[in-house]
Amino acid sequence: MDAPLVVVNFKTYSTAMADAAEALGRQMASVQTNARMVAVTSAFDLSTVSAISGLEVWSQHLDPVGQGSHTGWLEPETAIARGASGTIINHAEHKVSIEHVKQLMAMLPDGFPICACAADVAEARALAELGPTFIAVEPPELIGGDISVTTADPSIVSDTVAAVKEVNPNVRILCGAGVKNGQDVATAISLGAEGVLLASGVTKANDPESVLSDLVSKI
Ligand code: G3P
């Protein structure tokens, strides 16, 4: 099996933007682990955080537009030039249409990781038809909360794994919402996920470095 993923979405937390994004990126890069650590930064911070050696950096969103007259949109080629080596799309906080995901995938270079987020099994199944690299299942009501999806709703993880693999066995599953510690990561993996997508457990931690070490402690 490929290395499990620990994907940290910096969102727009003040503790994970601008200078704080660089500091958090450096902390992520310093974790000794076999896990694949990914920082998902604001478009503003792609350049600086991707300059940190040993850290994989994804964009939080991209738009299926080319270079030209597209004011305010997140154009993929420039994101890649500025250090994005993957992206998430259709996050619960930035929903898009299936058509958006499809058009974006058609524009991205071969092998460029794209993680499509799904709120439930049905949405995960629909996204699986497009064949993204990853699908991250995240029940919106658990996002930002204290109870991990792996505890509150373990069956949504295992059911998503089963549904997605039935549609396309190559798509890899992540889960997220409320993930905070190494036990949550271990449970996610035991449920068939290949990693986690999380935010507040790291971005709101008093000591992000020890949270990051704990997150990978059972991998
Ligand atoms: O993208 C990760 C996310 O939505 C989960 O957030 O704060 O519950 O870990 P959080």
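Small disclaimer: the values here were computed from a predicted structure and weren't measured. (Residues numbered from 1 in each chain as written. Predicted model: local features only at pLDDT ≥ 70, side-chain atom pairs only at ≥ 80, totals over all residues. Heavy atoms only, no water.)

(A) Main features of the overall build of the protein chain. The helix and strand inventory of the protein chain stands at 10 helices and 8 strands. Its C-alpha atoms give the protein chain a radius of gyration of 16 Å, within 12% of the compact-globule value 17 Å for 219 residues. Its C-alpha atoms put the protein chain at 45 × 40 × 30 Å along the principal axes. Considering the protein chain as a whole, with its 219 residues, one finds that 50% of them fall into the buried category. Long-range contacts, defined here as pairs at least 24 residues apart, represent 66% of the contacts in the protein chain between residues at least 6 apart. Total accessible area on the protein chain stands at roughly 9,400 Å², and carbon and sulfur atoms take up 50% of it. With 12 positive and 25 negative side-chain charges, the protein chain shows a separation of 2 Å between the mean positions of the two kinds. (Helix = DSSP H or I, 4+ residues; strand = E, 2+ residues; numbered from the N terminus. Rg over C-alpha atoms; globule rule 2.2 N^0.38 Å. Buried < 20%, exposed > 50% of the residue type's maximum accessible area, 1.4 Å probe, protein only. Contact = heavy atoms within 4.5 Å. Areas by Shrake-Rupley, 256 points an atom, 1.4 Å probe, with all protein chains shown as cover. Lys, Arg positive; Asp, Glu negative; His and termini not counted. Charge placed at Lys NZ, Arg CZ, Asp CG, Glu CD.)

(B) The arrangement of the site of the ligand in detail. Around the ligand, a shell composed of Asn9, Lys11, His91, Glu138, Ile143, Gly144, Ala177, Gly178, Leu197, Leu198, Ala199 and Ser200 is seen. Here an oxygen atom of the ligand sits 3.0 Å away from a polar atom, N or O, in the side chain of Lys11. In the environment of the ligand, an oxygen atom lies 2.8 Å from a nitrogen or oxygen atom belonging to the side chain of His91. Starting from 310 Å² of accessible surface for the ligand in isolation, the protein chains cover 100%. For the shell around the ligand, the class distribution of residues is 5 nonpolar, 5 polar and 2 charged. (Near = heavy atom within 4 Å. Polar contact = N/O pair within 3.5 Å; in protein donor to acceptor, adjacent residues only side chain to side chain. Nonpolar A, V, L, I, M, F, W, Y, C, P; charged D, E, K, R; others polar.)

(C) View of the environment of Ser210. Locating Ser210 in the fold gives a position in helix 10 (residues 208-215). Expressed as a C-alpha distance, the spacing of Ser210 and Asp45, which sit 165 residues apart in the sequence, is 23 Å.

(D) Looking closely at unusual backbone geometry. One non-glycine residue, Lys11, lies in positive phi territory at about 45°. Inspection of the secondary structure puts Lys11 in the loop between strand 1 (5-9) and helix 1 (18-29). Not every positive phi belongs to a glycine, and Ala18 is a case in point at roughly 55°. Within the secondary structure layout, Ala18 lies in helix 1. Under the relative-accessibility criterion, Ala18 is labelled partly exposed at 43%.

(E) Representation of the packing of aromatic side chains. Scanning the model with the defined rule gives 1 aromatic pair in all. Here Trp58 and Phe134 contribute two aromatic rings whose centre-to-centre distance is 5.8 Å and whose plane-to-plane angle is 35°, an arrangement assigned as tilted. With Trp58 in strand 3 (residues 56-59) and Phe134 in strand 6 (residues 134-137), this residue pair connects regions lying 76 residues apart in the sequence. Residue classification places Trp58 among the buried positions, given a relative accessible area of 0%. (Phe/Tyr/Trp six-rings, centres within 6.5 Å; stacked < 30°, edge-to-face > 60°.)

(F) Representation of the pairing of strand 5 (residues 114-118) in the model. Judged by how many residues are buried, strand 5 sits mostly within the fold: 5 of 5 residues are covered. In strand 5, alternate side chains face the same way, and those of Ile114, Ala116 and Ala118 on one face and Cys115 and Cys117 on the other are all buried. As paired elements, strand 4 (residues 87-89) and strand 5 share 3 bridges and run parallel to each other. By the bridge assignment for strand 5, Thr87 is matched with Ile114. Since strand 4 and strand 5 lie parallel, the crossover through helix 4 (residues 98-107) that links them has a hand, and here it is right-handed. Sheet topology places strand 5 next to strand 6; 4 bridges connect them, and they run parallel. Residue pairing in the sheet places Ala116 in a bridge with Ile135 of strand 6. In this region the chain leaves strand 5, passes through helix 5 (residues 121-128) and returns to the parallel neighbour strand 6; the handedness of that crossover is right-handed. (Pairing = 2+ DSSP bridges. Right-handed = clockwise from strand over helix to strand, strands pointing away.)

(G) Representation of the environment of Thr48 within the structure. With respect to the helices and strands, Thr48 occurs in helix 2 (residues 46-50). Along the backbone, Thr48 and Ala23 are 25 residues apart, and their C-alpha atoms lie at a distance of 10 Å. Here the side chain of Thr48 touches Asp45 through a polar contact of 3.3 Å, landing on its backbone oxygen.

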